[in-house]
Amino acid sequence: MLIVQKFGGTSLAGEERIRQAAQWVTQVAKRGSRVVAVVSAQGTTTDDLIKQAISLNPRVSAREMDAYLATGEQISAGLLSMAIQAMGYPVISLTGWQAGIFTDHTHGNAVILGLDNNRVVTELDQGKIVVVTGFQGINAAGDITTLGRGGSDTTAVALAGCLGADLCQIYTDVAGVYDKDPHLYPDAVKFDWVSYEKMRRLIAGGAQVLHDRSVELAQKFGLSLEVLSSFTGQPGTIVCGET
Ligand code: ADP
Ligand code: ASP
Ligand code: MG
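Residues numbered from 1 in each chain as written. Chains lettered and ligands numbered in written order. Predicted model: local features only at pLDDT ≥ 70, side-chain atom pairs only at ≥ 80, totals over all residues. Heavy atoms only, no water.

K.L.:
Describe in detail the overall build of the protein, supporting the description with residues and values.
P.N.:
In terms of regular secondary structure, the protein is built from seven helices and twelve strands. A globule of 243 residues ought to have a C-alpha radius of gyration of about 18 Å, and the protein, at 17 Å, matches this closely. Counting only C-alpha atoms and orienting by the principal axes, one finds that the protein spans roughly 45 × 45 × 35 Å. A separation of at least 24 residues holds for 70% of the contacts in the protein among residues at least 6 apart in sequence. Here the protein has roughly 11200 Å² of accessible surface; of this, 52% comes from carbon and sulfur atoms. Distance from the positive charge centre (19 side chains) to the negative charge centre (24 side chains) of the protein: 2 Å. (Helix = DSSP H or I, 4+ residues; strand = E, 2+ residues; numbered from the N terminus. Rg over C-alpha atoms; globule rule 2.2 N^0.38 Å. Contact = heavy atoms within 4.5 Å. Areas by Shrake-Rupley, 256 points an atom, 1.4 Å probe, with all protein chains shown as cover. Lys, Arg positive; Asp, Glu negative; His and termini not counted. Charge placed at Lys NZ, Arg CZ, Asp CG, Glu CD.)

Here it is, written out as structure tokens:
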């Protein structure tokens, strides 16, 4: 059994939340399953980094912006790995390029072209938990690219698909996918499951709970996603095919 778990920015904001994420990860390992964790930058880190870059240079090149923005996810990967290590589990953190994520040249909105999963598989075979930075890859020129805002979801799905994972869990700050944004509408209704098509319609209507490309990719792989709360770990919403 292999599970990929992705943790969003709010789910990693602060020591307590990092420890909670580490709990969800190690729970899987404790059951004897393999686990890959994909992380976003903590809290508002990416927004803060963008503001600082633009303040220094409003015409910052896309290449430099990507190399710089990728550091937010590296901090998260380091911290989550340390928390997992502190719980006594073997773990290794990998950046996007170390995890073999190859993209096109579109800095700021790169598309994943391929994934060489050799390194991740080797580490899993050695019994390690693997923590991968979301949102980033490397292009044919050897430069770091980023996948667009919210792109860590797509990193998680790409890894889950290429590794043949049994499940890809997207841990976030709401209990699942709702008919409308639960932070804006208290009467929003949570779905137990939604089809890929319905999820894509919700995203087109503004539901940023999942990165659009992550759902396209999940559909291509026939991979089920679970969107759930990192605060409670209660069953969330399954995104899957109609049947
Ligand atoms: P993460 O940092 O975990 O990736 P995001 O901010 O990208 O989290 O996505 C989660 C947010 O999506 C929620 O906090 C919620 O406000 C918002 N959201 C918008 N529409 C929906 C919806 N239909 N269902 C669930 N969440 C939604
Ligand atoms: N940190 C990136 C962002 O804020 C990627 C992500 O959160 O998925 O958009
Ligand atoms: Mg997101």
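K.L.:
How would you explain helix α7 (residues 212-221) if you had to name every residue and give the values?
P.N.:
Residues separated by three or four positions in an α-helix point in the same direction, a consequence of the helix having 3.6 residues per turn. The set of residues buried in α7 consists of S214, V215, L217 and A218. Down the axis of α7, the sector holding all buried residues measures 165°, keeping them to one side. Its buried side turned inward, α7 meets α5 (152-163), α6 (196-204) and β11 (225-229). Following α7 by one or two positions, G222 adopts a phi angle in the positive range, close to 65°. (Buried < 20%, exposed > 50% of the residue type's maximum accessible area, 1.4 Å probe, protein only. Arc of directions from axis to C-beta.)

K.L.:
Pulling in residues and values, what's your account of the sheet that holds strand β1 (residues 2-7)?
P.N.:
Hydrogen bonding along the main chain pairs the strands of a sheet, whether they run parallel or antiparallel. Spatially, the eight strands line up as an open sheet ordered β3-β6-β2-β1-β9-β11-β12-β10, and their pairing is mixed. The sheet terminates laterally at β3 (91-94) and β10 (193-195), the two strands that pair on one side only. The mean angle between the axes of side-by-side strands here comes to 20°, regardless of whether they run parallel or antiparallel. Examined bridge by bridge, strand β9 (residues 167-172) and β11 share five bridges and lie parallel to one another. Residue pairing across strands places Q169 opposite E226, the latter belonging to β11. (Pairing = 2+ DSSP bridges. Axes fitted to C-alpha atoms, helices over the stretch in contact; angles between N-to-C directions.)

K.L.:
Before we move on, could you go through the site of ligand 1 and cite the residues and values that matter?
P.N.:
What surrounds ligand 1 is a group of 16 residues, the closest being T172, D173, Y178, D181 and H183. Here a nitrogen atom of ligand 1 and a backbone polar atom of Y178 are 2.9 Å apart. Between H183 and ligand 1, the recorded distance is 2.9 Å, taken from a side-chain N or O atom to an oxygen atom. For ligand 1, the protein covers 87% of the area, taking 580 Å² as the surface of the free molecule. When atoms are counted within 2 Å of each cavity's grid points, the one that captures over half of ligand 1 is the largest pocket. Residue composition of the shell around ligand 1, grouped by class: six nonpolar, six polar and four charged. (Near = heavy atom within 4 Å. Polar contact = N/O pair within 3.5 Å; in protein donor to acceptor, adjacent residues only side chain to side chain. 1 Å grid on protein atoms, 1.4 Å probe; cavity = no way out; pocket = protein on both sides within 12 Å on 5 of 7 lines; lining within 4 Å. Sits in = over half its atoms within 2 Å of the grid points. Nonpolar A, V, L, I, M, F, W, Y, C, P; charged D, E, K, R; others polar.)

K.L.:
Any details on the pairing of strand β6 (residues 129-133)? Residues and values, ideally.
P.N.:
A large share of β6 lies buried, amounting to five of its five residues. Both faces of β6 are covered, namely the face carrying I129, V131 and T133 and the face carrying V130 and V132. Taken together, the four bridges between strand β2 (residues 34-39) and β6 define a ladder with parallel strand orientation. Bridged to V36 within β6 is V130. Inspection of the sheet shows β3 paired to β6 by four bridges, in the parallel sense. Bridge pairing links S93 to V131 in β6.

Limitation: the analysis is restricted to geometry and does not speak to function.
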